[in-house]
Amino acid sequence: MSAAPAAPQPCVEVDDLRVDRGGVRVIDGLTVRVPTGRVVGLLGPSGCGKSTLLRSVVGVQRVAAGRVRVLGHPAGSAQLRRRVAYLTQAPSVYDDLTVRENLRYFAKVLCAPRDDVQRVLELVDLGEQADSLTSRLSGGQRSRVGLASALLGRPELLVLDEPTVGLDPLLRAQLWELFGRLAGAGATLLVSSHVMDEAARCDRLLLMREGRLLADDTVAGLLADTGATDVEHALVTLILRDRSAASA
Amino acid sequence: MSIARTWASAARVLRQLRHDPRTLGLLLVVPCVLVGLLAWVFDGTAVFNRIGAALLAVFPFVVMFLVTSVTTLRERQSGTLERLLTTPLGRFDLIGGYALAFGLVAVVQALAASGFAVWVCGLQVAGPAWLLVAVAVADAVLGTALGLFVSAFATSEFQAVQFMPAVILPQFLLCGLLVPRAQMPTVLSRVSDVLPLSYAVDAMGTVTTRTDAAGSALADVGIVAGFALGAVVLGALTLRRRTP
Ligand SMILES: Nc1ncnc2c1ncn2[C@@H]1O[C@H](COP(=O)(O)OP(=O)(O)O)[C@@H](O)[C@H]1O
Ligand SMILES: [Mg+2]
């Protein structure tokens, strides 16, 4: 285990979370801690409840039971609104505004300084498109507009739902580098992905299946535990193990 | 509620409209064209004066209802609403922003449509003409708030548009435009008493026919504003931070 001695208070604490969606239990008694200042990857097959868990952390998900605390406050409480940023899975930006107008609006809403807009534009490499209408951008560019808006105001926790979908490998590498830098500066990142090769860049991995947590470990720990050579195989091994345990 | 965030939201909605010049053009030109058509149809009769004024009350209501229900439906579906509700933006900031933005559009629309009706088509206005604009703005805010409210019950833009006949046509039929409200069957006239458009059309009628219109018309405007406020609150209740 790589946990530092006298670890600071975890950034996110989820205890026995249960969530029902459309009459179906999609998160079933999930308990997890997200350490402060780390990049934590949330992996799992599509439909396993990653987005639902992230929605619970930012406090927009109606939950059936359990407790979710973020930075010491109940998830979604008013004190957290400027300290926690959320990137939804589908890019939540205004198509009929330019990139800069989108960011200016979110900056105003977040009370972020006006020059923050230029800073985040450069962070996600959208300086050239700043004055283009968002609807004219490619899918990858649009998702970066959303990411830029999540970076406004230097939040302490970034909850990012599949931020690198549709991006080319170079850009993806740049963004993971950025995530690492943000964590280095003290921010916590909870990032969902179904691209397994990205997982290697996380400080910790959470593996989910059918609304439950299969593993919560470092990449090295996970590989050692499963005897796999990469995260993808480790995940498959864990899922097979879970399946045979369930049928036993 | 924060003035800065309300204003920022209003400015954002107006910017969205600015990038859509066709919609903006339709908002301003269509009422004028319809008023002109009406004046032409009833050329040389007194009917235009009665119906023309009422129509000036109906336009902003219908148009803002449609525009807002579709825009807010998009906001709900694109995820921007979910994103906004995780920020310090309150739901009244958002609704206030919409009401402010479309209220401003309504001022321009009302100035264009009533100016066209009075100066080009010869609509006779006995009372103070600024009251035409006041009624139109109250109506537009009402349309905005109702549009916002019904957008919660639509899951597609097709459905949102279908709410227009459902919510607006009954009010249009009962507002006194086709048959004076006093001459309707009792049940219908009672129903029309609780429909906001009736008061807007009454106010327009008063402004065009009476020189001492201000008091009575402003009372009607107050009632419309009351309905609008109620709709704003209902609309706010549909903006839930936590969703299933
Ligand atoms: N709005 C919704 N209403 C009902 N069920 C939903 C809704 N959104 C997702 N679900 C269901 O919840 C489960 C988990 O979904 P989600 O959290 O989006 O998974 P993931 O992000 O891991 O792909 C899925 O079975 C999905 O069908
Ligand atoms: Mg998802």
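Residues numbered from 1 in each chain as written. Chains lettered and ligands numbered in written order. Predicted model: local features only at pLDDT ≥ 70, side-chain atom pairs only at ≥ 80, totals over all residues. Heavy atoms only, no water.

Draft legend 1. Layout of the coordination of the magnesium ion (ligand 2). Residues and elements named next belong to chain A. For the magnesium ion (ligand 2), the full set of protein donor atoms is Ser51 (OG) and Gln89 (OE1), and the range of their distances to it is 2.0 to 2.2 Å. Of the two residues, Ser51 sits in helix H1 (residues 50–58) while Gln89 sits in the loop between strand E6 (84–87) and helix H2 (99–109), which places them 38 residues apart along the sequence. Here Gln89 falls in the partly exposed class, since its relative accessible area comes to 43%. (Donors = N, O, S within 2.8 Å, 3.2 Å for Na, K, Ca; no water. Helix = DSSP H or I, 4+ residues; strand = E, 2+ residues; numbered from the N terminus. Buried < 20%, exposed > 50% of the residue type's maximum accessible area, 1.4 Å probe, protein only.)

Draft legend 2. Region of interest: the site of ligand 1. Residue and element names in this part refer to chain A. Neighbouring ligand 1 are the residues Arg21, Gly22, Val26, Pro45, Ser46, Gly47, Cys48, Gly49, Lys50, Ser51 and Thr52. Arg21 places a side-chain nitrogen or oxygen 3.3 Å from a nitrogen atom of ligand 1. The backbone of Cys48 places a nitrogen or oxygen atom 3.3 Å from an oxygen atom of ligand 1. Out of a free accessible area of 560 Å², ligand 1 has 60% covered by protein chains. A per-element tally of the shell around ligand 1 places H1 first, with three residues. Split into classes, the residues belonging to the shell around ligand 1 amount to three nonpolar, six polar and two charged. (Near = heavy atom within 4 Å. Polar contact = N/O pair within 3.5 Å; in protein donor to acceptor, adjacent residues only side chain to side chain. Areas by Shrake-Rupley, 256 points an atom, 1.4 Å probe, with all protein chains shown as cover. Nonpolar A, V, L, I, M, F, W, Y, C, P; charged D, E, K, R; others polar.)

Draft legend 3. Looking closely at the interface of chain B and chain A. If you look at the interface, chain B gives 27 residues, while chain A gives 32 residues. Between chain B and chain A, roughly 2,700 Å² of surface is buried when both sides are summed, and carbon and sulfur atoms account for 52% of that area. Seen at the junction of chain B and chain A, the total is two salt bridges. Between Glu82 of chain B and Arg55 of chain A there is a salt bridge, with its nearest N and O atoms 2.4 Å apart. For the pair chain B and chain A, the number of links is 18 residue pairs in polar contact (both at pLDDT 80 or more). Counting residues per element, the ones that place at least two in the side of chain B that touches chain A are helix H1 (3–18), helix H3 (47–78) and helix H4 (80–84) of chain B. When residues in the side of chain B that touches chain A are grouped by element, the largest group, seven residues, is from H1 of chain B. Its residues assigned to classes, the side of chain B that touches chain A comprises seven nonpolar, nine polar and eleven charged. (Contact = heavy atoms within 4.5 Å. Buried area = accessible area lost by both parts, 1.4 Å probe. Salt bridge = Lys/Arg side-chain N within 4 Å of Asp/Glu carboxyl O.)

Draft legend 4. Spatial organisation of the sheet that holds strand E9 (residues 204–209) of chain A. Residues and elements named next belong to chain A. In space, the six strands of this open sheet follow the order E6-E7-E8-E3-E9-E10, with mixed pairing throughout. The outermost strands of the open sheet, each flanked by one partner alone, are E6 and strand E10 (212–217). Sheet twist, expressed as the mean angle between neighbouring strand axes with direction ignored, is 15 degrees. As paired strands, strand E3 (residues 39–43) and E9 are joined by four bridges and run parallel to one another. Directly across from Val40, in E9, lies its bridge partner Arg204. Packing of helix H4 (residues 139–151) onto the sheet brings it into contact with E6 and strand E7 (157–161), and relative to E6 it is tilted by some 175 degrees. (Pairing = 2+ DSSP bridges. Axes fitted to C-alpha atoms, helices over the stretch in contact; angles between N-to-C directions.)

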